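Here is how the chains run, residue by residue.
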Amino acid sequence: MTEHDTARALAHPEAAEIRLEGVLHALSDPVRLSITRDLAVSAADLACSHFDLPVTKSTTTHHFRVLRESGVVRQTYRGTTKLNALRREELEALFPGLLDSVLTAAAAEEARLR
């Protein structure tokens with residue numbers, strides 16, 4: 001890795017450092033849950049700019065940081081673009097069924113509220 005690559009690397013918790021309360025906190029916000037739902041159905045990593053969120057750019061940055069620091073997503077740079085991927089396998093290993101249960105409940109709530 002070059003010095004420039006190291007400077008652009010983002011801190012992520014190791015799987016052993018991910019805590020249930022942090023994941024639940026991250027998923028408790030409607031904007032972060034929306035981001036997570038979009039990532040869950042995407043076959044590819046998604047750029048931050050892909051998401052049409054009802055908040056300012058600085059608030060969007062905050063939401064992605066909470067998701068990354070809680071261990072819900074992994075962010076990597078590709079050029080100047082920050083890509084996001086759901087850490088599904090790690091979350092499933094740590095908290096079996098949690099992510100799918102939350103996503104199913106969110107979809108059911110969305111259908112109920114329509």
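Here the residue numbering is sequential within each chain, running from 1 through the sequence in written order. At least 70 in pLDDT is required for a residue's local features to be given in this predicted model, at least 80 for side-chain atom pairs to be given and counted, and no such filter applies to totals for whole chains, interfaces and linings, which use all residues. Side-chain figures throughout are based on the complete set of non-hydrogen atoms in the structure, without hydrogens or water.

## With respect to the side chain of Gln75
Point 1. Numbering of helices and strands starts at the N terminus; helices are DSSP runs of H or I of at least 4 residues and strands are runs of E of at least 2. In this structure, Gln75 sits in strand β2 (residues 73–78).
Point 2. Burial here depends on accessible area, computed with a 1.4 Å probe over protein chains only, as a share of the maximum for the residue type. Under 20% is buried, over 50% is exposed, and the range in between is partly exposed. Accessibility expressed as a relative area gives 3% for Gln75, which makes it buried.
Point 3. Here a polar contact means two N or O atoms within 3.5 Å. Within protein one must be a hydrogen donor candidate and the other an acceptor candidate, and residues neighboring in sequence count only if both atoms are side-chain atoms. Within the structure, Gln75 has its side chain in polar contact with the side chain of Arg68 (distance 2.9 Å).
Point 4. Contacts between residues were defined by any pair of non-hydrogen atoms, one from each residue, lying within 4.5 Å. Ignoring any residue separated from it by four or fewer positions in sequence, one finds Gln75 in contact with Leu10, His12, Cys48, Phe64, Arg68, Lys82, Leu83 and Asn84.

## Quick word on helix α2 (residues 20–27)
Point 1. Listing the buried residues of α2 in full gives Val23, Ala26 and Leu27. The arc that holds the buried residues of α2, viewed along the axis, is 90°, so those residues lie on one side.
Point 2. The inward-facing, buried residues of α2 contact α3 (30–40), α4 (57–70), α5 (88–94) and α6 (98–113). Comment: arc refers to directions from the helix axis out to C-beta atoms.

## With respect to the sheet that holds strand β3 (residues 81–86)
Point 1. If DSSP finds at least two bridges between two strands, the strands pair. Spatially, three strands are ordered β1-β3-β2 in an open sheet, and the strand pairing comes out antiparallel. Strand pairing shows two members of the sheet lacking a second neighbour, β1 (46–47) and β2, which therefore form its edges.

## Considering the pairing of β3
Point 1. Here β1 runs beside β3; their pairing, made up of two bridges, is antiparallel. Each bridged residue has a counterpart across the sheet, and for Leu46 the counterpart in β3 is Asn84.
Point 2. Pairing of β2 with β3 involves six bridges; the strand directions are antiparallel. The residue bridging Tyr77 from the neighbouring strand is Lys82, located in β3.

## A short note on the confidence of the model for the protein
Point 1. Scored from 0 to 100, pLDDT records how confident the predictor is in each individual residue. Per-residue confidence for the protein gives a mean pLDDT of 93; residues scoring 70 or more make up 94%.
Point 2. Note on residues 1–6: pLDDT is under 50 here. Beyond four places in sequence and across chains, it has one contact.

## Re the nonpolar core
Point 1. The biggest cluster of nonpolar side chains holds 24 residues, and the ones touching the most others in it are Val23, Ile35, Leu39, Phe51, Val72 and Leu91.
Point 2. Residue assignment for this core shows that the elements contributing at least two residues are α2, α3, α4 and α6.
Point 3. At five residues, α6 tops the list of elements feeding residues into this core.
Point 4. Apart from the residues within four sequence positions on either side, Leu39 is in contact with Leu46, Phe51, Val73, Asn84, Ala85 and Leu86. As used in this record, nonpolar core signifies buried Ala, Val, Leu, Ile, Met, Phe, Trp, Tyr and Cys residues forming a set joined through side-chain atoms within 4.5 Å.

## What to know about the packing of α2 against α6
Point 1. Close contact between α2 and α6 brings their axes to 12 Å; oriented N to C, the two are set at 20°. Between α2 and α6, the interaxial angle falls into the category roughly parallel. By crossing handedness, the relation of α2 to α6 is classed as right-handed. Counting all contacts with α2, which are made through Leu20, Val23, Leu24 and Leu27, the residues of α6 involved are Leu98, Leu99 and Val102.
Point 2. When residues are grouped by polarity, Ala, Val, Leu, Ile, Met, Phe, Trp, Tyr, Cys and Pro land in nonpolar, Asp, Glu, Lys and Arg in charged, and all others, Gly among them, in polar. Within the contact of α2 with α6, the residues separate by chemical class into seven nonpolar, no polar and no charged. The axes are straight lines fitted to the C-alpha atoms, using for helices just the contacting stretch, and the angles between their N-to-C directions are given from 0 to 180°. Our angle categories are set so that under 35 degrees counts as roughly parallel, over 145 as roughly antiparallel, 65 to 115 as roughly perpendicular, and the remainder as oblique. Handedness of a crossing is defined here by the sense of rotation of the near helix relative to the far one, left-handed for an anticlockwise turn of less than a right angle and right-handed for a clockwise turn.

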